[in-house]
Amino acid sequence: MIRKLRYVNSRGDEIVFGGDSGPWGFGRMDIFDARQEYRSTGGRVTSFAGGIRELSMAVVMRGGSASERNRFADVTAYDVRAGVPGTLWAGESFMRCWIAGFELSEWDWYDSWAVYDCTVVSDRPWWVRVVEQTLEARVADQGGGLDHPHDHPHDYSYPSGTTAVVRNPFMLPARLDIAFAGPCVSPYVVIGQNRYQVMATVERGQVLIVRGYGERDIVIRHSDGTETSAFAQGVREEGARIFAEVPPGDLPAAWSGAYNVGLTLYEERTTPWWT
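This write-up is about the structure you can find in this document. The model shown is predicted, which means the values in this text are computed figures rather than measured ones.

This part is about the side chain of Ser122. Considering the arrangement of structural elements, one finds Ser122 in strand 9 (residues 113–122). Here the side chain of Ser122 touches Arg96 through a polar contact of 2.8 Å, landing on its backbone oxygen.

Quick look at the state of the cysteines now. One pass over the full model with this rule turns up zero disulfides. In this model Cys97 remains outside any disulfide bridge; the closest cysteine sulfur is found in Cys118, 10 Å from its own.

Another aspect to go through is the packing of aromatic side chains. Going through the model one piece at a time under the given rule, you end up with 12 aromatic pairs. When the ring of Phe72 is compared with that of Tyr116, the centres are 4.7 Å apart and the planes differ by 50°; the resulting orientation is tilted. Highlighted residues: Phe72 in helix 1 (residues 66–82) and Tyr116 in strand 9, separated in sequence by 44 residues. Note on accessibility: Phe72 and Tyr116 belong to one class, buried. Ring centres of Phe102 and Tyr116 lie 5.0 Å apart, and the angle between their planes is 70°; this geometry places the pair in the edge-to-face category. A residue pair is termed long-range when its members are at least 10 positions apart, and Phe102 in strand 8 (residues 93–105) and Tyr116 in strand 9 qualify at 14 residues. The ring of Tyr78 has Arg11 lying over it, and the distance from NZ or CZ to the ring centre is 5.7 Å. A cation sits over an aromatic face here: Arg236 above Phe231, 4.7 Å from the ring centre.

For helix 1, built from 17 residues, the straight-helix expectation of 24 Å at 1.5 Å per residue is met to within 8% by its first-to-last C-alpha distance of 24 Å. Turning to helix 1, its buried residues are Arg69, Phe72, Val75, Thr76 and Asp79. Positive phi appears at Gly83, one or two residues downstream of helix 1, with a value of about 75°.

The next point concerns the sheet that holds strand 14 (residues 188–191). Strand order in the open sheet made by the four strands is 11-22-14-15, with antiparallel pairing throughout. Of all the strands in the sheet, the pair left with one neighbour each is strand 11 (163–168) and strand 15 (194–197). Each adjacent strand pair in this sheet contributes to an overall mean axis angle of 30°, direction not counted. One ladder, built from four bridges, connects strand 14 with strand 15; its direction is antiparallel. Pairing of Ile191 across the sheet is with Asn194, part of strand 15.

So, how was this worked out
Residues numbered from 1 in each chain as written. Predicted model: local features only at pLDDT ≥ 70, side-chain atom pairs only at ≥ 80, totals over all residues. Heavy atoms only, no water. Helix = DSSP H or I, 4+ residues; strand = E, 2+ residues; numbered from the N terminus. Polar contact = N/O pair within 3.5 Å; in protein donor to acceptor, adjacent residues only side chain to side chain. Disulfide = S-S within 2.5 Å. Phe/Tyr/Trp six-rings, centres within 6.5 Å; stacked < 30°, edge-to-face > 60°. Buried < 20%, exposed > 50% of the residue type's maximum accessible area, 1.4 Å probe, protein only. Lys NZ or Arg CZ within 6 Å of the ring centre and 35° of its normal. Expected span 1.5 Å × (residues − 1). Pairing = 2+ DSSP bridges. Axes fitted to C-alpha atoms, helices over the stretch in contact; angles between N-to-C directions.

Right under this line is the structure:
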């Protein structure tokens, strides 16, 4: 059962609806309904598409204050003004969306009471859940880690101890984010039959991030939080598709072993998962 919802705007401000504390609850809504747009030709369905979806969500303030009302307006309005979606959480599932507006009622009965009939809008109307795994570096000597057996850019034989299993527990291929922790040069990981590699140098304290979910991108994140694009350095060739999805099941994985590799797999559907 989902007894708590959370909206987190794009700067990290959060409002919790339901749960055991706080003035905010939730009422009638259709965010749990499954609905999918489709295309047809000649009386037959040819494809399904997400499109823009508008949802309704009623939230209630009980025992709140004027400052809580103002905070609700500020948190939701920030994303609308910035043009960047926030995140609505239902249990362990989330959707990128905006609370685009609301109709306010019942506010004149008591100072601490109000009902907000919210309009939730998403241009990617999917509920998402993730699984994460880290392939940990395995230092072989005092000199700073493992090395390739040969100095050839396409020799991907691995010394002992640098293999693992990556599991996609979902029913369908999963989009993938990868984080290579520096220091490393031209880091890679092979999952199943595909090699994910970026021909970039990552210094200590930096992280190379391959974003395969959402807007695809490759960046180097510096220690101060700023990012530099490395999109062009992603390897794109036969057997090496940098944004390839991960097939379902248990897959062998291998990498040099000289750096950590963080993996995040994503699953989507039209309604949240019950917890």
